[in-house]
Amino acid sequence: MTHTIADLLQPLAQAREVVVFTGAGLSADSGIPTFRDGATGLWANIDPEEVVSIEGFERDPDKVWAWHESMRSLVADVCPNAGHDEIAELESLLPNARVTVVTQNIDGLHQAAGSTRVLEIHGSALRVRCHDHCGFVEAWEAGQTPHRRCPSCGAPARPDVVWFGEALDEEVFSLAAQATLDADVFFTVGTSAIIQPAASLAMAAKEYGALLIEVNPHETPFSEHADYSARIGASEFFPSLREALENFLEKTDGRDGNDHGR
Ligand code: NAD
């Protein structure tokens with residue numbers, strides 16, 4: 001068990017692969033309510049099974065589109081918070097590492113903050129695709145009315161979001177799984193880590209020897225497995241980590257903290 005933020009610095013400085021696995025809690029400080037916050041904002045008076053499920057779409061596509069349009073407008077009105085910003089900064093800060101963001105979020109805020117390797121395992125509210133997977137995908141720009149029918153094959157078009165009961169995109173998930181197996185450090189941020197198979201990534205990282213860091217103001221079923229749990233919000237934790245890491249790298253001359261026999 002690792003006890004202080006200082007214990008994270010050397011493993012980070014030495015890491016070759018860092019994975020940051022994020023959930024809705026990361027975007028809470030940007031003003032996007034989490035699913036589990038319950039009856040507020042986007043989720044007020046809404047049964048998620050009706051608006052983010054295949055059955056809901058087949059039953060009442062207008063209702064599903066209306067909910068996703070609200071999500072799209074909300075996303076257009078918010079900005080990345082300090083958590084997203086500092087996660088993006090890790091790419092330039094960590095001397096030896098590739099940083100992979102694996103996100104369950106559909107809000108595009110990691111890319112807006114500047115992260116360059118983002119795997120959206122639950123898709124994106126900023127895209128539309130063919131429901132029948134004919135290959136049609138288009139960006140859904142803020143304020144634009146997206147296609148309701150696939151212009152290539154005529155099947156229904158739909159938000160490019162993975163709904164309850166649907167399989168994840170195999171290619172995206174396999175990249176996420178590979179990064180997880182390679183990870184030296186694995187952060188799990190703002191997620192209750194209970195939705196499968198996404199949550200299994202965190203356990204796999206642990207089994208394959210990654211240092212596991214949880215960032216969540218509340219305990220989760222996953223907490224007992226974490227090497228370090230930051231019981232604060234992500235927008236508070238990541239700036240503190242950046243400051244500590246910058247000091248550490250400065251003291252160790254921008255290297256990984258080993259004196260390499262000097
Ligand atoms: P979740 O299961 O990941 O739960 C949210 C977690 O965030 C909770 O454990 C909570 O304690 C924690 N949290 C709250 N505030 C936090 C903060 N400031 N910093 C760090 N952690 C914080 O996510 P969910 O809300 O149950 O969502 C389930 C799925 O719904 C997601 O996987 C996603 O596909 C979709 N969703 C996406 C968004 C988005 O894109 N922003 C928002 C809501 C839901």
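Residues numbered from 1 in each chain as written. Predicted model: local features only at pLDDT ≥ 70, side-chain atom pairs only at ≥ 80, totals over all residues. Heavy atoms only, no water.

By the naming in an unreviewed UniProt entry, the chain goes by protein acetyllysine N-acetyltransferase and is assigned to Candidatus Propionivibrio aalborgensis.

Quick look at the layout of surface pockets
Estimates place the volume of the second largest pocket at around 410 Å³. Surrounding the second largest pocket, 21 residues form its lining, Arg-129, His-133, Asp-160, Val-162 and Asp-169 being those nearest its centre. Of all the elements in the fold, those that place two or more residues in the lining of the second largest pocket are β3 (118-120), β4 (123-130) and β6 (157-161). With four residues, β4 is the largest single contributor of residues to the lining of the second largest pocket. Looking at side-chain class alone, the lining of the second largest pocket contains twelve nonpolar, three polar and six charged residues. Mapped onto the domain boundaries, the lining of the second largest pocket takes at least three residues apiece from domain 1 (6-30 + 79-122 + 168-256) and domain 2 (33-77 + 124-161). (1 Å grid on protein atoms, 1.4 Å probe; cavity = no way out; pocket = protein on both sides within 12 Å on 5 of 7 lines; lining within 4 Å. Points joined across faces, edges and corners; volume = space filled by probe spheres on them. Helix = DSSP H or I, 4+ residues; strand = E, 2+ residues; numbered from the N terminus. Nonpolar A, V, L, I, M, F, W, Y, C, P; charged D, E, K, R; others polar. Domains from an automatic or database assignment.)

Description of the packing of helix α6 (residues 82-93) against helix α10 (residues 234-251)
α10 packs onto α6 with a crossing angle of 25 degrees between their chain directions and a minimal axis gap of 7 Å. By the angle between their axes, α6 is roughly parallel relative to α10. α10 is crossed by α6, and the crossing has left-handed handedness. Mapping the contact onto sequence places Ala-82, Gly-83, Glu-86, Ile-87, Leu-90 and Leu-93 in α6 and Ala-234, Ser-235, Phe-238, Pro-239, Arg-242, Leu-245, Glu-246 and Leu-249 in α10. Considering only residue class, the contact of α6 with α10 consists of nine nonpolar, two polar and three charged. (Axes fitted to C-alpha atoms, helices over the stretch in contact; angles between N-to-C directions. Parallel < 35°, antiparallel > 145°, perpendicular 65-115°, else oblique. Left-handed = near helix turned anticlockwise from the far one by under 90°. Contact = heavy atoms within 4.5 Å.)

Topic: the domain arrangement of the chain
Along its sequence, the chain is organised into domain 1 (6-30 + 79-122 + 168-256) and domain 2 (33-77 + 124-161). When each unit is reduced to the centre of its C-alpha atoms, the spacing between domain 1 and domain 2 is 27 Å. Across the boundary between the two partners, domain 1 contributes twelve residues, which contact eleven residues of domain 2. Linking domain 1 to domain 2 there are one salt bridge. (Salt bridge = Lys/Arg side-chain N within 4 Å of Asp/Glu carboxyl O.)

Looking at the sheet that holds strand β8 (residues 211-215)
As summarised here, the arrangement of the six strands in space is β3-β2-β1-β7-β8-β9, forming an open sheet in which the pairing is parallel. A single partner strand is all that each edge strand has here, and the edge strands are β3 and β9 (228-230). Shown here is a sheet whose adjacent strand axes are inclined to one another by a mean of 15 degrees, direction ignored. Pairing of strand β1 (residues 17-22) with strand β7 (residues 185-189), which is carried by five bridges, proceeds in the parallel orientation. The partner of Phe-21 across the bridge, within β7, is Thr-188. (Pairing = 2+ DSSP bridges.)

Overview of the packing of helix α8 (residues 170-182) against helix α9 (residues 200-207)
Close contact between α8 and α9 brings their axes to 8 Å; oriented N to C, the two are set at 30 degrees. With respect to α9, the axis of α8 lies roughly parallel. For the crossing formed where α8 meets α9, the hand is right-handed. Of the residues in α9, those touching α8 at Phe-173, Ala-176, Ala-177, Thr-180 and Leu-181 are Leu-201, Ala-204 and Ala-205. When its residues are assigned to classes, the contact of α8 with α9 shows seven nonpolar, one polar and no charged.

Structural notes on the pairing of β1
Where burial is concerned, most of β1 is hidden: six out of the six residues are buried. Side chains Glu-17, Val-19 and Phe-21 project from β1 onto one buried face, and the interleaved Val-18, Val-20 and Thr-22 project onto a second face that is buried too. Pairing of β1 with strand β2 (residues 98-103) involves six bridges; the strand directions are parallel. Directly across from Thr-22, in β2, lies its bridge partner Thr-103. (Buried < 20%, exposed > 50% of the residue type's maximum accessible area, 1.4 Å probe, protein only.)

What about the pattern of salt bridges?
Where charged atoms of side chains with opposite charge meet at close range, the side chains can pair. The tally for this structure, following the rule as stated, stands at twelve salt bridges. Among the salt bridges present, the one from Glu-69 reaches Arg-148, with a minimum N-O distance of 3.8 Å. Of this pair, Glu-69 sits in helix α5 (residues 61-77) while Arg-148 sits in the loop between β5 (137-139) and β6, and the two are 79 residues apart along the sequence. Given a relative accessible area of 30%, Glu-69 falls into the partly exposed group.

Comments concerning a negative patch on the surface
Taken together, Asp-47, Glu-49, Glu-55 and Glu-58 make up a surface patch of like negative charges. Assignment of secondary structure puts Glu-55 in helix α4 (residues 54-59). (Patch = residues over 30% accessible without salt bridge, like charges linked within 9 Å, V, L, I, M, F, W, Y side chains within 5 Å. Areas by Shrake-Rupley, 256 points an atom, 1.4 Å probe, with all protein chains shown as cover. Lys, Arg positive; Asp, Glu negative; His and termini not counted. Charge placed at Lys NZ, Arg CZ, Asp CG, Glu CD.)

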